[in-house]
Amino acid sequence: MTLAPYACDPERSRGRIRSEPRAPTRNAFQRDRDRIVHSTAFRRLVYKTQVFLNHEGDLFRTRLTHSIEVAQLGRSIARALALNEDLVEAIALAHDLGHTPFGHAGQDALNECMRAHGGFEHNLQSLRVVDELEERYPEHDGLNLSFETREGILKHCSRRNAELLEAREPGGVGRRFLDGTQPGLEAQLCNLADEIAYNAHDIDDGVRSGLLQLEQLRDVPLFEDFRQQVLGQHPQLQGRRLLYESIRRMLSAQVYDVIDATRAALEDAQPVDADAARRCPPLVRFSEAMRDQSTALKRFLFANLYRHAQVIDTTQQAQQVVRELFAVYLESPAEMQTGFATRAQHGGDAAARAVADYIAGMTDRFAAREHERLTGQRLWLVHAGTVDRAVE
Ligand code: MG
């Protein structure tokens, strides 16, 4: 398939930190994607929470299935816009590699623990995973991915961390946060595909868990309009099929909206190549009307699902686990795996970072087991099974 002039072209990649000979049959971004799929951090995503904890039910999204959904949506849109599908897939599959166990709760707690030691940002952690923490190659740490994939993985970054990155890698992935430019269009697309994916699947998981009621969604036009449309055509439809069909239409509408709005933005801006697109305002976008609707849905999910008493309760336990693990490992580094224990030997910020890397890499269940081993407390099974009521 022919790429648009503003797509990232693997033949014109800014390259890898350590240069490598070309692969005989795969381009640079296909190779990045393959390295990500074979990484240890990628396999761990299956046991990491998206919103619901991993033990709460077998049908809820995990970070792995979420990442695959983001890749699917991203690739569909990329194909329609003649952007680079391979790059979109690589970024989408890697975008959550740095997430801690227990979703945002774990991340907030780890950030708190790291406050005096440079903080913890999950996007930066995803970059650390692919740049430094994966141990697969004889000659170097990390996966040695292409600039464009790494640029997409680093979705957000504080100014302070961008300065540190820039000092290590001048003109590298930290630069755009200092000079206020955008990442390539494929990276912008992954951001939006991420939002479309979680908005949709959180409705699905929320309703199937029993924490959200379909009636509550009446106030959310992005969902309700399609539910009405489905009921207009299938008046008898209810339960799971009504939910899935409404979500399916909602997803399609957002995908087509992004394609149309982005085409119009590209038409206006006329970027001559990928770098010209980086200098424009964000070009991969929703229409204004869809942006408002998506924001309203996000607000609804925040108020009604992410702040649901039962989610908050498990959130607090998750934070306790992360905080207590952090304290124990900092005090007794030998309780960690050898490589991390060695890094933590001399105390200070380096020790705290080693502990944060170790905890961030954990799956939910490994963190829970370690917490029980080290503190003798078992917190995790309080809600096991209680949110697993599927919609009939
Ligand atoms: Mg995500």
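Here the structure is shown first, and the text comes after it.
Residues numbered from 1 in each chain as written. Predicted model: local features only at pLDDT ≥ 70, side-chain atom pairs only at ≥ 80, totals over all residues. Heavy atoms only, no water.

Caption draft 1: Summary view of the coordination of the magnesium ion. Within the protein, the magnesium ion binds to H66 (NE2), H95 (NE2), D96 (OD) and D194 (OD); these donor distances fall in the range 2.1 to 2.8 Å. Going along the chain, you hit the donors of the magnesium ion in the pattern H-x28-H-D-x97-D. With respect to burial, H95 and D96 carry one shared label: buried. (Donors = N, O, S within 2.8 Å, 3.2 Å for Na, K, Ca; no water. Buried < 20%, exposed > 50% of the residue type's maximum accessible area, 1.4 Å probe, protein only.)

Caption draft 2: Region of interest: the packing of helix α15 (residues 309-331) against helix α17 (residues 348-361). It is at 10 Å that the axes of α15 and α17 come closest, and there the two elements cross at 135°. As judged from the angle between their axes, α15 and α17 are oblique. As for the relative orientation of α15 and α17, their crossing is right-handed in sense. In this structure, α15 uses V322, L325, F326, Y329 and L330 to contact α17, whose residues at the interface are A351, A352, V355, A356, Y358 and I359. Of the residues belonging to the contact of α15 with α17, the class tally is eleven nonpolar, no polar and no charged. (Axes fitted to C-alpha atoms, helices over the stretch in contact; angles between N-to-C directions. Helix = DSSP H or I, 4+ residues; strand = E, 2+ residues; numbered from the N terminus. Parallel < 35°, antiparallel > 145°, perpendicular 65-115°, else oblique. Left-handed = near helix turned anticlockwise from the far one by under 90°. Contact = heavy atoms within 4.5 Å. Nonpolar A, V, L, I, M, F, W, Y, C, P; charged D, E, K, R; others polar.)

Caption draft 3: Here's a closer look at helix α5 (residues 103-113). Listing the buried residues of α5 in full gives G103, A105, G106, Q107, A109, L110 and C113. Contact partners of the buried residues in α5: α3 (63-81), α6 (122-133), α15 and α17.

Caption draft 4: View of the packing of aromatic side chains. Counting across every chain of the model gives three aromatic pairs. Consider the rings of Y329 and Y358, whose centres lie 5.3 Å apart with planes at 70°: the pair is edge-to-face. With Y329 in helix α15 and Y358 in helix α17, this pair connects stretches of sequence that are 29 residues apart. Given the relative accessible area of 6%, Y358 is considered buried. An aromatic cluster of three or more residues is present, and its members are Y329, F340 and Y358. The ring of Y47 carries R365 above its face, with NZ or CZ at 3.7 Å from the centroid. (Phe/Tyr/Trp six-rings, centres within 6.5 Å; stacked < 30°, edge-to-face > 60°. Lys NZ or Arg CZ within 6 Å of the ring centre and 35° of its normal.)

Caption draft 5: The arrangement of the state of the cysteines in detail. Taken as a whole and assessed by the stated rule, the structure comprises zero disulfides. Lacking any disulfide linkage, C8 is separated from the closest cysteine sulfur, that of C190, by 11 Å. Overall, C190 belongs to the buried group, its relative accessible area being 7%. (Disulfide = S-S within 2.5 Å.)

Caption draft 6: Looking closely at the nonpolar core. Ranked by size, the top nonpolar core spans 81 residues in total, and within it I36, L97 and I203 carry the most contacts. The greatest single-element share of this core, amounting to eleven residues, is contributed by helix α10 (residues 185-209). With residues near it in sequence (within four places) discarded, I36 still touches F42, A90, L93, A94, L97, L143, L145 and T149. (Core = buried A, V, L, I, M, F, W, Y, C linked by side-chain atoms within 4.5 Å.)

Caption draft 7: Representation of α10 within the structure. Spanning 25 residues, α10 covers 36 Å between terminal C-alpha atoms, matching the ideal 36 Å at 1.5 Å per step. With respect to burial, α10 is a largely interior element, 23 of its 25 residues being buried. Where α10 ends, the next residue or the one after it, G210, has phi of about 90°, a positive value. (Expected span 1.5 Å × (residues − 1).)

Caption draft 8: Main features of the pattern of salt bridges. Evaluation of the coordinates by the stated rule reveals 39 salt bridges. A salt bridge links E85 to R75; its shortest N-O distance comes to 2.9 Å. You can see E85 sitting in helix α4 (residues 85-94) and its partner R75 sitting in helix α3, a full ten residues away along the chain. Look at E85 and you get buried, because its relative accessible area is 17%. One salt bridge connects R150 with E169, and the closest N-O pair in it is separated by 2.9 Å. Of this pair, R150 sits in helix α7 (residues 147-153) while E169 is found in the loop between α8 (159-168) and α9 (175-179), placing the two residues 19 residues apart along the sequence. Residue classification places E169 among the buried residues on the basis of a relative accessible area of 18%. (Salt bridge = Lys/Arg side-chain N within 4 Å of Asp/Glu carboxyl O.)

Caption draft 9: Structural view of the environment of R35. In this fold, R35 is placed in helix α1 (residues 28-37). A residue is classified by how much of its surface remains accessible, and R35, at 9% relative accessible area, is buried. Taking the C-alpha atoms as reference, R35 lies 33 Å from K298; in sequence the two are 263 residues apart. Once residues within four sequence positions are removed from consideration, R35 is found in contact with R16, E20, Y137, L143, N144 and L145. Within the local environment of R35, its side chain forms a polar contact with the side chain of E20, the two groups lying 2.7 Å apart. (Polar contact = N/O pair within 3.5 Å; in protein donor to acceptor, adjacent residues only side chain to side chain.)

Caption draft 10: Region of interest: the environment of S126. Relative to the elements of secondary structure, S126 occurs in helix α6. The spacing of S126 and A4 is 122 residues in sequence and 28 Å in space, taken between C-alpha atoms. With sequence-adjacent residues up to four places away left out, S126 is seen in contact with A94, H95, D96, L97, G98 and I153.

Caption draft 11: Inspection of unusual backbone geometry at higher detail. With a phi close to 65°, F102 is a non-glycine residue in the positive phi region. Within the secondary structure, F102 is located in the loop between α4 and α5. Unusually for a residue other than glycine, Q270 sits at a positive phi of about 50°.

Caption draft 12: Examining the side chain of R31 more closely. With respect to the helices and strands, R31 occurs in helix α1. Among the residues examined, R31 registers a relative accessible area of 14% and is labelled buried. In contact with R31, not counting residues within four places along its chain, are R16, E20, P21, R22, A23 and R26.

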